[in-house]
Amino acid sequence: MNEKEWPLFEVFVRSRSGLEHKHVGSVHAADARMAIEHARDVYTRRQEGVSIWVVRSSDITASDPAEADAFFEPARDKVYRHPTFYSIPDEVKNL
Amino acid sequence: MYTQGLDSPGREALHASSPDTAALEARFQARVDADEKIEPKDWMPEGYRQTLIRQISQHAHSEVVGMLPEGNWITRAPTLRRKAVLIAKVQDEGGHGMYLYSAAETLGISRDQMMAQLLSGAAKYSSIFNYPTPTWADVGAIGWLVDGAAIMNQIPICRCSYGPYARAMVRICREESFHQRQGFEIMMTLARGTPEQRRMAQDALNRWWWPALMMFGPSDAESRHTAQSMRWKIKRFTNDELRQQFVDITVPQARFLGLEIPDPHLRWDEASQHYVFGPIDWAEFQQVLKGNGPCNRERLEARRRAYEQGRWVREAALAHAEKQRQRAAQAA
C-alpha cells in the first residue's frame, strides 16, 4: 500500500444564510472540486448546510497550543476593554 | 455503529516518565479532571494518543465493515420504502466511518495506515459484524439491537475528553436514533404479521441477542483498559454497567413485540431494580475476535476486494487532478 494518498481537505459548512462557516471535519479527495462533493455526502446528508468551503489541510497555519499562554497573554490584563470595567451610577440610563 | 476494541489488547506506549513528562502528565490530568477538552495539537501522554488511535480507528473500521451485513439486503428489501431507508442507513454507516477516520487522523495516523491495518487483519472491528444476515428480519434486529447497543455505548463518548472524537460522536448519535427506530419498526411489522413472519422475527432475536450483549466488551473483571480509560475520560461507564442498562431497556421492548428473549435465566430482580441475565458465552466472543466467527473471512475479503478494485479509480482521479492543475498553470 505505497500508492499516493489523496490529499486531506478541511471542511467548513455554513448551516444557513446569516451564519458563518464552521469547521466540521475533513475529507480526502483528489482535488478541491471532489472535496466539495465528498464533503456534501459526508457532512450534509440531512440538509446541514447551504454552503461548503474546503481548504487543503496542509495550507492551514495554526497557532501553537504549547505557546498559547504567552501568545494570548497580552489580552489578559486589559480588563478595561470590557464594558463591565466601568462603574456608572444606576440612575444613569441607556449606557 | 460501534467499537468494542477499547478492551482488546493493543500496544500500550506508556513511556517511562522523566521529571519533565511527569509534570506535563500532571498538568494534562488536571485539565482532564477539570472537564477541559483536549484538542489535536495539545500535549498528551503517548498512551492517551495510542489508546485513542486504537479505539477511534477500530470504531471507524466497525462502521465500514458494518455496511456489509445490511448491504446484503439492499437488492432484496421487500418494498421501495424499505429499500430507500436501508440505502440511507448503510450510507450513514459509511459516513460515520468517515467522521471517525477524520477524527483519528488528527492524532497523527494517516488514512492509508489505518486502511492497511484493517486489510492486513492487524486492526480489530466490532465482533458483531462477523455474524450473517440470512433473513430480512436480521435487518430489523440489527437496527433495533445492534444500533441500540451502539447508542448505549456511544452517548457517553459524546463527553469524551478528546474534542474531535467527542464532536464526531455527537453527529453519529444524532443519526443513530433513526437507525434504531427503523429497525424496531421492521420488527414490529413482522411481529404483527403472519405466523411465519413472527417466527422470522423471533429467530432473528434468538440469533442477535447474545452477540449484541457481547458488543459491550469483556466483563469488568476481564477488562484491561477500563480503569485508565476512565481516568482519561475516554470512557465514562464500565462495560458491565452499559450492558446492564441495555438489558434493562430492551427487555420491555421485546415484550411489547411479543417476542421472547432467548435467555432462560432472565428475571426481574425487585431488590436491585434490574434484570438478571444468564451467563455470556465468552469462548464464542474470543473465537469471533480471533477471526473464527461465521463471517470474519468473508468480511475482510469484501473489504480487500473493494480496496483493490477501487485502486484504478483512486489513481485515475489523482492523474486527472494533476492534468487539470498543469493545464490551469499553462493557461495562466
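None of these values were measured; they are calculated from a predicted model. (Residues numbered from 1 in each chain as written. Chains lettered and ligands numbered in written order. Predicted model: local features only at pLDDT ≥ 70, side-chain atom pairs only at ≥ 80, totals over all residues. Heavy atoms only, no water.)

Draft legend 1. Focus on the environment of N206 of chain B. Residues and elements named next belong to chain B. Looking at the element boundaries, N206 is found in helix α8 (residues 195–214). Expressed as a C-alpha distance, the spacing of N206 and A141, which sit 65 residues apart in the sequence, is 9.7 Å. Beyond its immediate stretch of four places on either side in the chain, N206 contacts E260 and P262. Within the structure, N206 has its side chain in polar contact with the side chain of Q202 (distance 2.7 Å). (Helix = DSSP H or I, 4+ residues; strand = E, 2+ residues; numbered from the N terminus. Contact = heavy atoms within 4.5 Å. Polar contact = N/O pair within 3.5 Å; in protein donor to acceptor, adjacent residues only side chain to side chain.)

Draft legend 2. Up close: the interface of chain B and chain A. Taken residue by residue, the interface counts 27 residues in chain B and 22 residues in chain A. When the two sides are added together, the surface that chain B and chain A hide from each other amounts to roughly 2100 Å², 51% of it contributed by carbon and sulfur. Considering only the surface of chain B that becomes buried against chain A, D112, R171 and L318 of chain B emerge as the three largest contributors, covering 25% of it. The partner of D92 of chain B in a salt bridge is R45 of chain A, with the nearest N and O atoms 2.7 Å apart. Those elements that place two or more of their residues in the side of chain B that touches chain A are α4 (80–105), α5 (111–120), α7 (163–191) and α13 (311–331) of chain B. Broken down by element, the residue count for the side of chain B that touches chain A peaks at eight residues, all from α4 of chain B. Residues of the side of chain B that touches chain A, tallied by class, amount to eleven nonpolar, five polar and eleven charged. (Buried area = accessible area lost by both parts, 1.4 Å probe. Salt bridge = Lys/Arg side-chain N within 4 Å of Asp/Glu carboxyl O. Nonpolar A, V, L, I, M, F, W, Y, C, P; charged D, E, K, R; others polar.)

Draft legend 3. Seen up close, the confidence of the model for chain A. Taken over all residues, the pLDDT of chain A has a mean of 93, while the share at 70 or more is 97%. Across chain A, element-level confidence peaks in strand β3 (residues 51–56) of chain A with a mean pLDDT of 98 and bottoms out in helix α2 (residues 68–72) of chain A with 93. (pLDDT = per-residue confidence, 0-100.)

Draft legend 4. Molecular detail of helix α1 (residues 19–33) of chain B. Residue and element names in this part refer to chain B. The terminal C-alpha atoms of α1, which comprises 15 residues, lie 21 Å apart, in line with the 21 Å expected from a rise of 1.5 Å per residue. Restricting attention to buried positions, one finds in α1 the residues F28, Q29 and V32. One side of α1 carries all its buried residues, which in axial view fall inside an arc of 100°. Exposed residues lying more than 90 degrees from the buried face of α1 are P19, D20 and R27. Residues of α1 that are buried sit in contact with α2 (46–65) and α9 (226–231). Directly beyond the C-terminal end of α1, a positive phi value near 65° is found at D35. (Expected span 1.5 Å × (residues − 1). Buried < 20%, exposed > 50% of the residue type's maximum accessible area, 1.4 Å probe, protein only. Arc of directions from axis to C-beta.)

Draft legend 5. Just unusual backbone geometry, in detail. Residues and elements named next belong to chain A. Of note, the phi angle at Q47 is positive, near 55°, even though the residue is not glycine. Here Q47 shows up in the loop between α1 (32–43) and β3. One non-glycine residue, N94, lies in the positive phi region at around 60°. As for its position among the elements, N94 is in the segment after α2.

Draft legend 6. The arrangement of the state of the cysteines in detail. Enumeration over the complete set of coordinates arrives at zero disulfides over all chains. The cysteine C158 of chain B is free of any disulfide, with C173 of chain B supplying the nearest cysteine sulfur at 3.6 Å. (Disulfide = S-S within 2.5 Å.)

Draft legend 7. Fine view of the sheet that holds strand β1 (residues 8–14) of chain A. Residues and elements named next belong to chain A. With antiparallel pairing, the three strands of this open sheet are ordered in space as β2-β1-β3. Edge positions in the open sheet fall to β2 (22–28) and β3, since each of these has one partner strand only. Strand-to-strand twist in this sheet, taken as the mean axis angle between neighbours without regard to direction, amounts to 30°. The strands touched by α1 within the sheet are β1, β2 and β3, with β2 carrying the most contacts at an inclination of about 115°. (Pairing = 2+ DSSP bridges. Axes fitted to C-alpha atoms, helices over the stretch in contact; angles between N-to-C directions.)

Draft legend 8. Highlighting the layout of surface pockets. Roughly 1300 Å³ of volume is contained in the largest pocket. Only β1 and β2 of chain A together with α4 and α7 of chain B provide two or more residues apiece to the lining of the largest pocket. The biggest single contributor to the lining of the largest pocket is α7 of chain B, with six residues. Across the lining of the largest pocket, the residue classes break down as 16 nonpolar, nine polar and eleven charged. In this model, the second largest pocket occupies a volume close to 870 Å³. What lines the second largest pocket is a set of 27 residues, and nearest its centre among them are W6 and H38 of chain A together with M98, R111 and M115 of chain B. (1 Å grid on protein atoms, 1.4 Å probe; cavity = no way out; pocket = protein on both sides within 12 Å on 5 of 7 lines; lining within 4 Å. Points joined across faces, edges and corners; volume = space filled by probe spheres on them.)

Draft legend 9. Here's a closer look at the packing of α1 of chain A against α4 of chain B. Across the interface, α1 of chain A lies against α4 of chain B with an axial gap of 9 Å and an inter-helix angle of 110°. On the basis of their axis angle, the class for α1 of chain A and α4 of chain B is roughly perpendicular. Judged by residue contacts, D41, V42 and Y43 of chain A of α1 of chain A engage Q91, G95, M98, Y99 and S102 of chain B from α4 of chain B. Split by residue class, the contact of α1 of chain A with α4 of chain B holds four nonpolar, three polar and one charged. (Parallel < 35°, antiparallel > 145°, perpendicular 65-115°, else oblique.)

Draft legend 10. Expanded view of a nonpolar patch on the surface. Residues and elements named next belong to chain A. The grouping of V79, Y80, F85, Y86, I88, V92 and L95 at the surface amounts to a nonpolar patch, some 730 Å² of accessible area in total. Inspection of the secondary structure puts I88 in the segment after α2. In this structure I88 comes out as partly exposed when scored by relative accessible area, which is 44%. (Patch = residues over 30% accessible without salt bridge, like charges linked within 9 Å, V, L, I, M, F, W, Y side chains within 5 Å. Areas by Shrake-Rupley, 256 points an atom, 1.4 Å probe, with all protein chains shown as cover.)

Draft legend 11. Examining the nonpolar core more closely. Residue and element names in this part refer to chain B. Counting residues in each nonpolar core, the largest one holds 102 residues, and the members touching the most others are Y48, I56, Y162, Y165, W208, W209 and F246. When residues in this core are grouped by element, the largest group, eleven residues, is from α7. If near-sequence neighbours (up to four positions away) are discounted, Y48 is found in contact with F28, I38, S161, Y162, W232 and I234. (Core = buried A, V, L, I, M, F, W, Y, C linked by side-chain atoms within 4.5 Å.)

Draft legend 12. Fine view of the pattern of salt bridges. Counted under the stated rule, the structure contains 28 salt bridges over all chains. In this structure, the salt-bridge partner of E39 of chain B is R167 of chain B, at a minimum N-O distance of 2.9 Å. Remark: R167 of chain B occurs in helix α7 and E39 of chain B occurs in the loop between α1 and α2; sequence separation between them is 128 residues. On the basis of relative accessibility, which here comes to 25%, the residue E39 of chain B falls in the partly exposed class. R167 of chain B gets classed as partly exposed once you look at its relative accessible area, which sits at 46%. Where E93 of chain B meets K89 of chain B, a salt bridge forms, and the shortest distance between an N and an O atom there is 3.0 Å. Of this pair, E93 of chain B and K89 of chain B both sit in helix α4, four residues apart, which is roughly one turn of that helix. Look at K89 of chain B and you get buried, because its relative accessible area is 0%. Here the salt bridges share partners, and the residues they tie into one network are R45 and R46 of chain A together with D92 and E175 of chain B.

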